[in-house]
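# Understanding the architecture of this molecule
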Amino acid sequence: MGKKKRVRKTKKNNRKRVRISRSFLLPFILTLSVAVVVGLLALAAYQWVFEPARRVQSTMKPVKPSQTEQVPEDVPRQEEKAEDVQNKYQTELDDPEYMAQNNIYYKEAGEPGQVSLLFAGDILFDDHYAIMKYPLAGGGIEQGISPELIREMEGADVMMLNNEFPYSDRGAPLAGKQFTFRARPETVNYLQDMGVDIVSLANNHAYDYGEEALLDTLDILKEAGITAIGAGRNLEEARRPAYYIVDDIKVAFITATQIERLDNPDTRGATENAPGVFRCWDGENLLETIREAKENCDFVVVYVHWGTENEAALDWAQLKQAPEVIAAGADLVIGDHPHCLQPIGVIQGVPVIYSLGNFWFNSKTLDTGMVKAVIDKDGLVSYQFIPCLQSGCKTGLLDGEEKTRVLNYMRGISEGVQIDEDGYVTW
């Protein structure tokens, strides 16, 4: 009897232990399940909130502005990380003396992470020529260049054109030269009103009134806050590039002239000891300048004064020099001098517009245009030809059928590229 009791007692104790184990296990399982569910919900929430932003940033590619998708305001953007990364050119920016000595300038970007560069052709502010008809009557440069065109120029981060004359009250016209230009010093304000940042003096008219007028021009442009390249008090200054640092992207601007194609031209080339323009008829100095600039920046623009006047066809010297400047390191080539539009081409992936023609230069009715290039840290994002018309001493943007007409003309003379209805060029 006693033995049976002990057996029953043992079974009872076992059942008690089982009940105790089950009572402990159930809460444990419930707690673990809740923790797993909370963890999964947290992971899902993290992916829902943050991963789309990462995917947007990792898949964004340079496209035309009209194609860029809008990212929601609550999505973290790449530029928010900028404060954690020092500008790679900060050392230069912190040294004004170094920047002044090396022709370096700083501008804020209109669009974070990108730089918009705008280029136009020849301008003239000489009172003795018809182009000044409306500004001289009162009202300023907007009487000659349409307000919408000026807004386009002002909207660029860096705007450049060809300044085809000196600013001065001094000097005498070069003897025997058929056309000589000179503008009143105060007309330099027109450049400011147009939104111009940088001008080329590497042309065949910057020296029309001799050394005194050229030196005045350099001083007047500097005082007006306009960067002048392509001429100088000596060859070192004339060939020196200008650099613009915009949103941690450093762009070099270099300009030179082939014209006139003579050993002893009317437009004097700068020498080691004498003022003049930067000539590239013998192009080795230009190629050396490009190679040096390439080592000190992210993107190199070469603006060349070349070609045959009033001829849309390219001449042998353009065809020879364009590949050379690209092989030396040019990332974009802009041409002028022929007073008419010439083809858009591409060499080794680098776009070239051989001539932008007159921008605001005389009373003739001429098709003209601007080139807008947008770049980022990886290079060219977009390249756009913007059709314009010079007519009756005024220049303005084109739209509608006239815009289409000029774009069709550019398509007809340009090989190896495609130009869409908005002027964007691809290859």
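It should be emphasised that the depicted structure is a prediction, and the values quoted were computed from it without experimental measurement. Sequence order sets the numbering: in each chain, residues are counted from 1 along the sequence as written. With the structure being a predicted model, the display of local features is reserved for residues of pLDDT at least 70 and the display and counting of side-chain atom pairs for 80 or more, all residues being used for whole-chain, interface and lining totals. Only hydrogens and water are set aside when side-chain values are computed; all heavy atoms of the structure are taken into account.

Attention now goes to the environment of Ala130. Numbered from the N terminus, helices here are DSSP runs of H or I no shorter than four residues, and strands are runs of E no shorter than two. Mapped onto the fold, Ala130 is located in the loop between β2 (115-123) and α4 (133-136). A residue is classified by how much of its surface remains accessible, and Ala130, at 41% relative accessible area, is partly exposed. Placed 231 residues apart in sequence, Ala130 and Phe361 show a C-alpha to C-alpha distance of 8.7 Å. Should any heavy atoms of two residues lie within 4.5 Å, those residues are counted as being in contact. Residues within four places of Ala130 in sequence aside, it is in contact with Ser363 and Cys393. Here's how the labels work: a residue is buried when its accessible area is under 20% of the maximum for its type, exposed when over 50%, partly exposed in between, all with a 1.4 Å probe on protein chains only.

It is worth spelling out helix α9 (residues 284-294) at this point. When we look at burial in α9, the residues that qualify are Leu286, Leu287, Thr289, Ile290 and Ala293. The arc that holds the buried residues of α9, viewed along the axis, is 160 degrees, so those residues lie on one side. Buried-residue contacts for α9 involve β7 (242-246), β8 (249-257), β10 (299-305) and α10 (316-328). Comment: arc refers to directions from the helix axis out to C-beta atoms.

Once that is clear, we can look at the pairing of β7. Most of β7 is tucked away, with five of its five residues classed as buried. As paired strands, strand β1 (residues 104-107) and β7 are joined by four bridges and run parallel to one another. Along β7, the bridge assignment pairs Lys107 with Val246. If DSSP finds at least two bridges between two strands, the strands pair. The sheet contact formed by β7 and β8 spans five bridges and is antiparallel. By the bridge assignment, Val246 is partnered in β8 with Ile249. Between β7 and β8, which pair antiparallel one after the other, the connecting turn spans two residues, and Asp247 there sits at a positive phi close to 55 degrees.

Two faces, one strand: in a regular strand the side chains alternate between the faces of the sheet. Pairing of strand β16 (residues 379-391) with strand β17 (residues 394-397) involves four bridges; the strand directions are antiparallel. Each residue of the ladder has a partner; that of Cys388, found in β17, is Leu397. Between β16 and β17, which pair antiparallel and follow one another directly, the connecting turn spans two residues, one of which, Gly392, has a positive phi of 60 degrees.

With the exception of glycine, the majority of residues adopt a negative phi angle, and the majority of peptide bonds are in the trans configuration. The omega angle of the peptide bond from Ile259 to Glu260 is 0 degrees, so this bond is cis rather than trans. On the secondary structure map, Glu260 appears in the loop between β8 and β9 (276-277). Of note in this structure, Asn103 is not a glycine but carries a positive phi near 60 degrees. Mapped onto the elements of the fold, Asn103 is located in the loop between α3 (96-101) and β1. A relative accessible area of 8% places Asn103 in the buried class. One non-glycine residue with positive phi stands out, namely Asn310, at about 60 degrees. In this fold, Asn310 is placed in the loop between β10 and α10.

The strand order across the open sheet built from seven strands is β1-β7-β8-β10-β11-β13-β12, with neighbouring strands paired in mixed fashion. Two strands close off the open sheet at either side, each with one partner strand: β1 and β12 (344-347). Strand-to-strand twist across the sheet, computed as the mean angle between neighbouring axes with direction ignored, equals 20 degrees. Of the pairings in the sheet, the one linking β8 to β10 comprises seven bridges and is parallel in character. Looking at the pairing, Ala252 lines up with Val300 of β10. For helices, the fitted axis covers only the stretch in contact; all axes are lines through C-alpha atoms, and the angles between them, taken along N-to-C directions, range from 0 to 180 degrees. Packed onto the sheet, α9 meets β7, β8 and β10 and runs at close to 175 degrees relative to β8.

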